[in-house]
Every structure is written in structure tokens, then in C-alpha cells.
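Below are the chains, spelled out letter by letter.
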Amino acid sequence: MKTFTYNDMDFTVEKVGKGWEIRKGSTVVASGLYAGLADAEAEAKSIALAKTIYPVGIRIIGPDVTHPVTVGDIKYYGPDVTHPNFIYWNKDSASQPKQL
Amino acid sequence: MEIKGKVALVTGGGNGIGEAVVKFLVNKGAKVAVVDMSQKNIDRVVADVKAMGGEAIGVLGNVTSEADTAKFIKATVEAFGQLNIVVASAGIIKDQTMLTLDKETGKVSRKMGLDKWQPVLDVNLTGTFLTIRDSSEAMVNGGWEGILVLISSINKVGQVGQMNYSSTKVADALLPKIVVGEFQMRGIKNIRCVCIAPGYTATPILAGMNQEALKAICADIHLGRLVQPEEIASGIAHCIENDAINATTLEITGGLCYKGGIAK
Ligand SMILES: NC(=O)c1ccc[n+]([C@@H]2O[C@H](COP(=O)([O-])OP(=O)(O)OC[C@H]3O[C@@H](n4cnc5c(N)ncnc54)[C@H](O)[C@@H]3O)[C@@H](O)[C@H]2O)c1
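Now for a quick tour of the structure.

Cut-offs used in this document
- Residues numbered from 1 in each chain as written.
- Chains lettered and ligands numbered in written order.
- Predicted model: local features only at pLDDT ≥ 70, side-chain atom pairs only at ≥ 80, totals over all residues.
- Heavy atoms only, no water.
- Helix = DSSP H or I, 4+ residues; strand = E, 2+ residues; numbered from the N terminus.
- Rg over C-alpha atoms; globule rule 2.2 N^0.38 Å.
- Buried < 20%, exposed > 50% of the residue type's maximum accessible area, 1.4 Å probe, protein only.
- Areas by Shrake-Rupley, 256 points an atom, 1.4 Å probe, with all protein chains shown as cover.
- Lys, Arg positive; Asp, Glu negative; His and termini not counted.
- Charge placed at Lys NZ, Arg CZ, Asp CG, Glu CD.
- Contact = heavy atoms within 4.5 Å.
- Core = buried A, V, L, I, M, F, W, Y, C linked by side-chain atoms within 4.5 Å.
- Salt bridge = Lys/Arg side-chain N within 4 Å of Asp/Glu carboxyl O.
- Near = heavy atom within 4 Å.
- Polar contact = N/O pair within 3.5 Å; in protein donor to acceptor, adjacent residues only side chain to side chain.
- Expected span 1.5 Å × (residues − 1).
- Arc of directions from axis to C-beta.
- Disulfide = S-S within 2.5 Å.

**Topic: the overall build of chain B**
Alright, step 1. Looking only at helices and strands, chain B has seven helices and nine strands in total.
Alright, step 2. Scaling as 2.2 N^0.38, a compact globule of 264 residues should have a C-alpha radius of gyration of about 18 Å, and chain B matches this with 19 Å.
Alright, step 3. Along the first, second and third principal axes, the C-alpha set of chain B runs to 65 × 40 × 40 Å.
Alright, step 4. Buried positions account for 54% of the 264 residues belonging to chain B.
Alright, step 5. Summed over all atoms, the accessible surface of chain B reaches about 11200 Å², with 56% contributed by carbon and sulfur.
Alright, step 6. Within chain B, the 26 negative side-chain charges are centred at a point lying 2 Å from the centre of the 27 positive side-chain charges.

Here it is in C-alpha cells:
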């Protein structure tokens, strides 16, 4: 089991049965992953996947339905484009423009 | 295509038809990415899949966003190594007639605003486009066997009060023809595309409809009741498994009829 904090959120990756589980706090984000892989590789992949699912720039805080930049349960923060793990996309999207 | 061992991504997988599809595919041995805009619903569905002993990830995302679309497809491939089945079930309704008349004067008292028009186009049409565009890209580049399943509606025939919704659903129903035509032209043979047009299905989306109108509609269904989401899911599973079903839209309505008994 490994616990880590990323993008201000607490995650745990743990082998449960044959597969690996990712939890954010106590919520299960993924289950049954990477069955059959060596533990170290599966753990590393699970940590990387948690970071993909919750990229820097988006933090789940909601639902704060009164916040002006909340879409559903997602609250958009100005992305920290200098963060080493910031994910770039080829094009801007209307709902999440790249410029701050 | 056999479902067992395949990787599916279901947008709108946190509720209604999408949730039923997720669970149906998990029961058939697929690994599933549950994409939705509601974290609460994602968490519930992923917990259910875990309890079923299945493999799933939950990814919060808005299908109208290119960035989110890139993210949920990347996460799916990162989690499961490939992508084979995509069901674009995220959809919304915001019903209103184009014009509302004042009962006393007969003059127009209200018009459908862009606030009702645009979000429905954004989610049901642009969102579907982005999902299938980027999924196709992943499938073509990955060389994986795949199927894109779009969700139209029986209301593609044109439902008063759903000018926005019906416009998107007629477009969604057309897309498999265009997409498969393009695949044929480009020599892309590993991906099929189909669309399902559900009739009135017992999901929370119907809570947004005029309930009196819904009651009246039920009387016109040959089956005598609403379609169950699991019945839509089973139809989708059939389309996945039957390779000959391609470039078409399949209606699953329970036999919805016009007054007087002509099937819609
Ligand atoms: N229920 C019916 O009678 C019926 C009939 C015909 C067609 N449909 C279509 O079936 C699909 C599913 O409908 P349903 O009845 O399951 O609805 P639903 O409201 O129960 O579920 C739709 C899900 O999509 C999600 N969603 C909405 N906008 C989103 C967005 N921008 N990004 C990501 N997720 C988003 C919602 O959070 C919800 O979980 C829709 O496309 C709908 O138009 C439904």
C-alpha cells in the first residue's frame, strides 16, 4: 500500500485481491487494475494513473454549485502551467482555455 | 466482437442508460471507464462495479471539453492498455417550445433562449463528436478492434417542445453513416459505428419532462410501459457482439405509436 498527496489530494494505491485499487480519500477511483503485473510495476502504474485522472489544474472540491467557474462537480482553477506535471493539449477548449 | 476482456468507455456512465451499460458490460467481462460530470454518481457506480468483482476506473469529465475528452481517453488506455467499446451516453434535455404565448392576448410572452438551446447542442452533439473523434483516433493509432455506439432518441422524428434536443438526436442518428463512410474511404477497417435510438426509458432524465405528457405517451407504447435501461444495455451488447450491425441506427422503443396505432 502506498499513500501520497498530489494536487492537494490524498491518494492510496493498494493491492486488493488480484488487482490494484486507487482511492482518493476513502472513495474508490479505480478497482481491479493491472492484475498479473509485478507489484512494483503495478504500484508505479497506479500512481501514474491517479495523476492522469486528476491532472494538475483541476481539483475536486465540489459540489460548490454557487461558484461561478463550477461545471457540474468540477471547479476550474487557473492551471499552473509551470507545474512539471501539467498536461498540455493540442488545442484550447472553450470550457477550459489555456490562457489564465 | 466478443465483449469479454475488452475495454469500454461509457460517457454519462454515472446514471441511467450509461450506468446500466457499464454494469451490463462488466457482467460480460469487460473492463470499463466510467466518465461523467457527477463525481457522486461516478463514485457510486465504481463502488458497485468493485462489489461485482469487476474492473473499472471513474473519470470526472465534461464531454463538451476537448481537454477533458483527451484526459478520459488517455486515462482509459493507461489503465487498461487499449480501448475497444465507446458508448457516448452523456446527454441532457432542456425542454421548451420555441414560442410561448400569453393565454389572454395570444401574443408571444416568451421565447426559447440560447441558455436552453446551446447547452443541449454542446453536450448531445459536440460532446458526442469529441468523444467519437478522439476514441477513433486512439483506436486507429492503437490498431485495436473497436465500436463506437452513439445514443440518439426516438424523438429524432421531431418532438414539439424539444427543438433543441430533437435537432441533436437526428444528427446523432446520422453520424454512423458518415463515420463508417469515412472509415471505408480511408481504409479503416477495425472500427464499427452504430447508434441506438431509445424510446422513453425509465431513467432520471425523464424527471425533466412534462410528467402529464409522459403519462400520455406511455399509453401509446405498444409494450404498455417505459423501456428499462437494462433493455437498452442489452441491445447495445448485441450490437457489439454482432459484427454485421454497422453504420445504422437501431430503435429500441417498446413499439411507440402515434395516436391511431401507426408505429412511429
Ligand atoms: N431516458 C430516456 O427516455 C431516453 C430516451 C432517448 C434517448 N435518451 C438518451 O440516452 C442518453 C442517456 O440518457 P439517460 O436517460 O441515461 O440520462 P441520465 O440523466 O440518467 O444520465 C445522463 C448522464 O450523463 C451525464 N452528463 C450530462 N452531461 C454531461 C457532460 N457534459 N459530460 C459528462 N457527463 C454528462 C449526467 O451527469 C448523467 O449521469 C442521453 O443521450 C439521452 O438523450 C434517453
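Right, picking up where we left off after that structure.
**Some thoughts on the environment of Ile151(B)**
Residues and elements named next belong to chain B.
Alright, step 1. Along the chain, the position of Ile151 falls in strand E7 (residues 146–151).
Alright, step 2. Assessed through its relative accessible area of 7%, Ile151 is described here as buried.
Alright, step 3. Distance from Ile151 to Ile196, taken between C-alpha atoms, is 5.0 Å for residues 45 residues apart in sequence.
Alright, step 4. Once residues lying within four places of it in the same chain are set aside, the contact partners of Ile151 are Val87, Ala88, Ser89, Lys169, Asp172, Cys195, Ile196, Pro198 and Ile236.

**What to know about the nonpolar core**
Alright, step 1. Among the nonpolar cores identified, the biggest contains 48 residues, and Ile22(A), Leu33(A), Leu49(A), Ile57(B) and Leu148(B) are the most heavily contacted of them.
Alright, step 2. Setting aside anything within four residues of it in sequence, one finds Ile22(A) in contact with Phe11(A), Thr12(A), Val13(A), Thr27(A), Val28(A), Val29(A), Ala30(A), Leu33(A), Ser46(A), Leu49(A) and Ala50(A).
Alright, step 3. The next biggest cluster of nonpolar side chains, apart from the first, holds 36 residues, and it includes Ile17(B), Ile147(B), Ile245(B) and Ile252(B).

**Notes on the pattern of salt bridges**
Residues and elements named next belong to chain B.
Alright, step 1. The tally for this structure, following the rule as stated, stands at 15 salt bridges over all chains.
Alright, step 2. For the salt bridge of Lys23 with Glu19, the shortest nitrogen-to-oxygen distance reads 2.7 Å. Note that Lys23 and Glu19 are positioned in helix H1 (residues 16–27) at a spacing of four residues, about one turn of the helix.
Alright, step 3. A relative accessible area of 12% places Glu19 in the buried class.
Alright, step 4. The closest approach of N and O atoms between Arg133 and Glu66, which form a salt bridge, is 2.9 Å.

**Some details on the site of the ligand**
All names here are of chain B.
Alright, step 1. In the vicinity of the ligand there are 28 residues, among which Ile17, Asp36, Tyr165, Thr201 and Thr203 approach most closely.
Alright, step 2. Measuring from an oxygen atom of the ligand, one finds a side-chain N or O atom of Thr203 at 2.3 Å.
Alright, step 3. Against a free-state accessible area of 830 Å², the protein chains account for coverage of 93% of the ligand.
Alright, step 4. Among the elements of the structure, H1 and helix H5 (163–186) are those that each provide at least two residues to the shell around the ligand.

**A closer look at helix H2 (residues 39–51) of chain B**
Alright, step 1. In this model, H2(B) (13 residues) spans 18 Å end to end at C-alpha, consistent with the 18 Å of a helix rising 1.5 Å per residue.
Alright, step 2. For H2(B), the set of buried residues is Gln39(B), Asn41(B), Ile42(B), Val45(B), Val46(B) and Val49(B). Mapping the buried residues of H2(B) onto a view down its axis gives an arc of 160 degrees, with all of them on the same face. Exposed residues lying more than 90 degrees from the buried face of H2(B) are Lys40(B) and Ala51(B).
Alright, step 3. Contact partners of the buried residues in H2(B): strand E4 (27–33) of chain A together with H1, strand E2 (31–36) and strand E3 (56–60) of chain B.
Alright, step 4. Among the residues trailing H2(B), Gly53(B) stands out with phi positive, at a value near 80 degrees.

**Things to note about the state of the cysteines**
Residue and element names in this part refer to chain B.
Alright, step 1. Using the criterion set out here, one finds zero disulfides over all chains in the structure.
Alright, step 2. Between Cys193, a free cysteine, and Cys195, which holds the nearest cysteine sulfur, the sulfur-to-sulfur gap is 7.7 Å.
Alright, step 3. Residue class for Cys193 comes out buried when judged on its relative accessible area of 0%.
Alright, step 4. Not engaged in a disulfide, the cysteine Cys218 finds its nearest cysteine sulfur in Cys257; these two sulfurs lie 13 Å apart.
Alright, step 5. A relative accessible area of 23% places Cys218 in the partly exposed class.

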